[in-house]
Amino acid sequence: KDDKTPTQNSITANNDNVDDVRDGILKSPSRENKLNAKYLLKQILLLSTAMAVGNAWLIKTAMQNWGTFFTNDPTILSLLASPTRVFYISISTFLHPIIMALEGSILATRDLGFLVAAYGGTMVCLLSLLQFATSSFTGVWRMFFVFQLIRFTTFGYRVYSKSRVEMA
């Protein structure tokens, strides 16, 4: 006897359907399925780029105009509104949604060994940069930007190279 409620049965069925579709796209040798997967990836990257633009604009606006919501200290307000800091924070937050879409693509293909190795390498790189190449608050944001750039490059290359191989 099944002790699940109708809602639980529906959720389980929906999860099974999503798994079936994903497995069909990823494991099927059909060129049509590969093209559908590539189209879906393009759509997700387009959506993440739109989110990235919104994030960057919101961060820039918040730091330059809404600092008084966080503090009234003039020193901190001037630090928040500094154009150099705003640039590095904005560009870092711009890259983040795109990186998350690329990471999601890597997770969807179950390439976990690569993902763990990539995160291990980038974290060692970030911590080393913070320890040895950063001497100011702005330097921290510069290094965070470098960290995001390394992740973007690593994940982007992996997704691009994997999709090129699978399309062949």
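Only a predicted model underlies this, so the values are computations on that prediction, with no experimental measurement involved.

Draft legend 1. Representation of helix α4 (residues 83-108). In a regular helix each residue adds 1.5 Å, so 26 residues correspond to 38 Å; α4 covers 38 Å between its end C-alpha atoms and thus fits that length. At His96, α4 shows its strongest bend, of approximately 25°, with the proline Pro97 following within four residues. At the exit of α4 stands Arg110, carrying a positive phi of roughly 60°.

Draft legend 2. Examining the side chain of Glu103 more closely. Here Glu103 is to be found in helix α4. Residue Glu103 is classed as buried on the basis of its relative accessible area of 14%. Apart from the residues within four sequence positions on either side, Glu103 is in contact with Leu115, Tyr119, Arg151 and Phe155.

Draft legend 3. Quick peek at a nonpolar patch on the surface. Residues Trp57, Leu58, Trp66, Phe69 and Phe70 make up a contiguous nonpolar surface patch of about 650 Å² in total accessible area. With respect to the helices, strands and loops of the structure, Trp57 is situated in helix α2 (residues 31-65).

Draft legend 4. Spotlight on the packing of aromatic side chains. Applying the stated criterion across every chain yields a total of 5 aromatic pairs. Considering the side-chain rings of Phe87 and Tyr88, the 5.2 Å spacing of their centres and the 75° angle between planes classify their relative orientation as edge-to-face. Residue classification places Phe87 among the partly exposed residues on the basis of a relative accessible area of 48%. Since its relative accessible area comes to 17%, Tyr88 is described here as buried. Taken together, the aromatic side chains of Phe87, Tyr88 and Phe145 make up a single cluster linked through ring pairs.

Draft legend 5. Spatial organisation of the packing of α4 against helix α5 (residues 112-132). Two elements in contact, α4 and α5, have axes whose closest approach is 8 Å; the angle formed by their N-to-C orientations is 140°. Considering the angle they form, α4 stands oblique to α5. Contacts from Met100, Glu103, Ile106 and Leu107 in α4 reach Leu112, Phe114, Leu115 and Tyr119 in α5. Along the lines of polarity and charge, the residues of the contact of α4 with α5 split into 7 nonpolar, no polar and 1 charged.

Basis of the calculations
Residues numbered from 1 in each chain as written. Predicted model: local features only at pLDDT ≥ 70, side-chain atom pairs only at ≥ 80, totals over all residues. Heavy atoms only, no water. Helix = DSSP H or I, 4+ residues; strand = E, 2+ residues; numbered from the N terminus. Expected span 1.5 Å × (residues − 1). Bend = angle between axes of the 7 residues up to and from the residue. Buried < 20%, exposed > 50% of the residue type's maximum accessible area, 1.4 Å probe, protein only. Contact = heavy atoms within 4.5 Å. Patch = residues over 30% accessible without salt bridge, like charges linked within 9 Å, V, L, I, M, F, W, Y side chains within 5 Å. Areas by Shrake-Rupley, 256 points an atom, 1.4 Å probe, with all protein chains shown as cover. Salt bridge = Lys/Arg side-chain N within 4 Å of Asp/Glu carboxyl O. Phe/Tyr/Trp six-rings, centres within 6.5 Å; stacked < 30°, edge-to-face > 60°. Axes fitted to C-alpha atoms, helices over the stretch in contact; angles between N-to-C directions. Parallel < 35°, antiparallel > 145°, perpendicular 65-115°, else oblique. Nonpolar A, V, L, I, M, F, W, Y, C, P; charged D, E, K, R; others polar.

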